[in-house]
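Residue strings, one per chain:
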Amino acid sequence: MTETTTPATSAAYEISTDPARLDADRIHQWLSTDAYWALGRDRDVQDKAIAGSLNFGAYDADSGEQVAYARVVTDHATFAWLCDVYVAPVARGKGLGTELVAAVRDHLTPLGVRRMMLATEDAHGVYEKVGFKSLENPLMWMTLDLQVPS
């Protein structure tokens, strides 16, 4: 898949899928220490997740510093799972999370992806702004936990 760069609507940020721009150290630090869903995640696990996913970085337009991240597990044709969406504390409250998720949506839509899903405990409002909604029929969805909690 070709790298794309999407100007964020605020002009303060640039959103890109270029894997060479990702700051893997920073992403691991953010997720393993500050994201409730990934606390304690091993670096090798994070690196494998990045390698097997479509990744979006958001970068400060002036400094080029990465300030947000989102990861998508997808076949690029029918389905996508949005995960590991993270905005650095210095960039929060400015609409960047919504811009980042909209960029993910806009990247996947022309591919014909029919459904994108995610799970969140606390950011429903961010995702609703770009069209996500709760499952209409949650009884048809199932999950299988493959790891036994220690």
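Data block above holds the structure.
Rules used throughout
- Residues numbered from 1 in each chain as written.
- Predicted model: local features only at pLDDT ≥ 70, side-chain atom pairs only at ≥ 80, totals over all residues.
- Heavy atoms only, no water.
- Axes fitted to C-alpha atoms, helices over the stretch in contact; angles between N-to-C directions.
- Helix = DSSP H or I, 4+ residues; strand = E, 2+ residues; numbered from the N terminus.
- Left-handed = near helix turned anticlockwise from the far one by under 90°.
- Contact = heavy atoms within 4.5 Å.
- Nonpolar A, V, L, I, M, F, W, Y, C, P; charged D, E, K, R; others polar.
- Expected span 1.5 Å × (residues − 1).
- Buried < 20%, exposed > 50% of the residue type's maximum accessible area, 1.4 Å probe, protein only.
- Phe/Tyr/Trp six-rings, centres within 6.5 Å; stacked < 30°, edge-to-face > 60°.
- Lys NZ or Arg CZ within 6 Å of the ring centre and 35° of its normal.
- Polar contact = N/O pair within 3.5 Å; in protein donor to acceptor, adjacent residues only side chain to side chain.

A. Representation of the packing of helix α1 (residues 24-34) against helix α2 (residues 43-51). For the pair α1 and α2, interaxial distance at closest approach is 10 Å and the crossing angle is 115°. Two packed elements cross with a definite hand, and for α1 against α2 that hand is right-handed. The residues of α2 that touch α1, namely those facing A24, D25, I27, H28 and L31, are R43, Q46, D47 and I50. The class makeup of the residues in the contact of α1 with α2 is four nonpolar, two polar and three charged.

B. Structural detail: helix α3 (residues 96-108). Its 13 residues place the ends of α3 18 Å apart at the C-alpha level, agreeing with the 18 Å of an ideal helix rising 1.5 Å per residue. A large share of α3 lies buried, amounting to eleven of its 13 residues. Buried residues of α3: L96, G97, T98, E99, L100, V101, A102, A103, V104, H107 and L108, and no others. Those residues of α3 that are buried lie in contact with β2 (13-16), β3 (54-60), β4 (66-74), β5 (79-87), β6 (115-117) and α4 (124-128).

C. Molecular detail of unusual backbone geometry. The phi angle at H76 is positive, at roughly 65°, despite the residue not being glycine. When you line up the elements, H76 lands in the loop between β4 and β5. We classify H76 as partly exposed; its relative accessible area is 29%. The residue D84 is not glycine, and still its phi comes out positive at about 55°. Following the sequence through the fold, D84 ends up in strand β5. The exposure class assigned to D84 is buried, which follows from its relative accessible area of 3%.

D. A look at the packing of aromatic side chains. Counted according to the given criterion, the structure contains three aromatic pairs. For the ring pair W30 and Y86, a centre distance of 5.1 Å and an interplane angle of 25° mean the geometry is stacked. Here the residue W30 occupies a position in helix α1, and Y86 occupies one in strand β5, the gap between them amounting to 56 residues. No difference in accessibility class separates W30 from Y86, as the two residues are buried. Ring geometry for Y36 and W37: centres 5.1 Å apart, planes at 85°, overall edge-to-face. Owing to a relative accessible area of 36%, W37 belongs among the partly exposed residues under this scheme. When the ring centre of Y59 is taken as origin, the NZ or CZ atom of R21, which lies over that ring, is 4.0 Å away. Sitting over the ring of Y86, R92 keeps its end group 5.2 Å from the ring centre.

E. A look at the side chain of N55. Note on placement: N55 falls in strand β3. Engagement of the side chain of N55 in a polar contact is seen with the backbone oxygen of S53, the distance being 3.0 Å. Ignoring anything within four residues of it in the chain, the contact list for N55 reads S16, T17, L22, I50, Y69, A70 and R71.

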